[in-house]
Amino acid sequence: AATATARPKFMPSPQAVAELTESATKDMLDRVEAMPLDLPSYGIVEASFVRTGVAPSEGTPPVVLLHGFDSSCLEFRRTLPKLEALGVEAYALDLLGWGFGDTGGGDVSVEAKRAALLEFRRQVLGDRQMTLLGVSLGAAVVID
């Protein structure tokens, strides 16, 4: 599996973060990672996500959480720590075109979202099977 880069390009400014009052949101923002994904037919995009600190376990697929419409991986700011406490390897992934990732102004179609999810699986999860959990738009991506 590939290693994520530093912070995504589209993060709130330190001044905006300082105005937040919910500690779960601040904690999650501190953990957002970014990784370039090379999508055939779409070009390079930046995926943004947060992961638990749980190491992969042979035979146990990681859980990938996909947020709803007009949202981000922060939607799972309370869920991800609970999964981590249970020892679950999990990732809250920003859907292509939403959240903190950078599309470079490119395609954010259903097909492009699918390609980004599959490339995330290849690069970050080492092409392992994954358990998908989505809400709203995220559920539509899972069904697709």
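For the structure, check the block above.
Throughout what follows, the structure given in this document is the object of discussion. (Residues numbered from 1 in each chain as written. Predicted model: local features only at pLDDT ≥ 70, side-chain atom pairs only at ≥ 80, totals over all residues. Heavy atoms only, no water.)

1. Here's the deal with the overall build of the protein chain
Next, step 1: When its secondary structure is counted, the protein chain shows 5 helices and 5 strands.
Next, step 2: In sequence order, the secondary structure elements of the protein chain are arranged as α-α-β-β-β-α-β-α-β-α.
Next, step 3: The C-alpha atoms of the protein chain give a radius of gyration of 14 Å, which matches the 15 Å a tight globule of 144 residues would have.
Next, step 4: Seen through its C-alpha atoms, the protein chain measures out along the principal axes to roughly 40 × 40 × 30 Å. (Helix = DSSP H or I, 4+ residues; strand = E, 2+ residues; numbered from the N terminus. Rg over C-alpha atoms; globule rule 2.2 N^0.38 Å.)

2. Details of the pattern of salt bridges
Next, step 1: Inspection of the entire model under this criterion finds 7 salt bridges.
Next, step 2: The residue E33 makes a salt bridge to R51 at a minimum N-O spacing of 2.8 Å. Note that E33 is positioned in strand β1 (residues 33-39) and R51 in strand β2 (residues 43-51), a separation of 18 residues in sequence.
Next, step 3: A salt bridge links R128 to E89; the nearest nitrogen and oxygen atoms lie 2.6 Å apart. Highlighted residues: R128 in the loop between α4 (110-124) and β5 (131-134) and E89 in the loop between α3 (79-85) and β4 (90-93), separated in sequence by 39 residues. (Salt bridge = Lys/Arg side-chain N within 4 Å of Asp/Glu carboxyl O.)

3. Some words on unusual backbone geometry
Next, step 1: One non-glycine residue with positive phi stands out, namely S41, at about 75°.
Next, step 2: With respect to the secondary-structure elements, S41 resides in the loop between β1 and β2.
Next, step 3: In this structure, S136 takes a positive phi of about 55° despite not being glycine.

4. As for the packing of aromatic side chains
Note on aromatic pairs: each is described by the distance of the centres and the angle between the planes.
Next, step 1: This structure, assessed with the given rule, holds 4 aromatic pairs.
Next, step 2: Look at Y91 and F120: their rings are 5.9 Å apart centre to centre, the planes differ by 80°, and that puts the pair in the edge-to-face class. Within this pair, whereas Y91 is found in strand β4, its partner F120 is found in helix α4, the two being separated by 29 residues in sequence. Here the two residues Y91 and F120 agree in accessibility, since each one is buried.
Next, step 3: Members of the aromatic cluster, each reached through a chain of ring pairs, are F49, Y91 and F120. (Phe/Tyr/Trp six-rings, centres within 6.5 Å; stacked < 30°, edge-to-face > 60°. Buried < 20%, exposed > 50% of the residue type's maximum accessible area, 1.4 Å probe, protein only.)

5. Regarding the pairing of β1
Next, step 1: Of all 7 residues that make up β1, 5 are buried, and the element is covered over most of its length.
Next, step 2: Both β1 and β2 contribute to a ladder of 7 bridges, which runs antiparallel. Across the sheet, residue L39 finds its bridge partner in β2, namely G43. (Pairing = 2+ DSSP bridges.)

6. Brief notes about the side chain of T52
Next, step 1: With respect to the helices and strands, the residue T52 is situated in the loop between β2 and β3 (63-66).
Next, step 2: Assessed through its relative accessible area of 5%, T52 is described here as buried.
Next, step 3: At 3.0 Å, the side chain of T52 forms a polar contact with the backbone oxygen of V88.
Next, step 4: Aside from chain neighbours lying at most four places away, what touches T52 is R31, L80, E84, V88, E89 and A90. (Polar contact = N/O pair within 3.5 Å; in protein donor to acceptor, adjacent residues only side chain to side chain. Contact = heavy atoms within 4.5 Å.)

7. A closer look at the environment of L66
Next, step 1: For L66, the location among the structural elements is in strand β3.
Next, step 2: Residue class for L66 comes out buried when judged on its relative accessible area of 0%.
Next, step 3: The spatial distance from the C-alpha of L66 to the C-alpha of A85 is 20 Å, given a sequence separation of 19 residues.
Next, step 4: Discounting chain neighbours no more than four positions away, the residues touching L66 are F76, L93, L95, L117, L132, L133, G134, V135, G138, V141 and V142.

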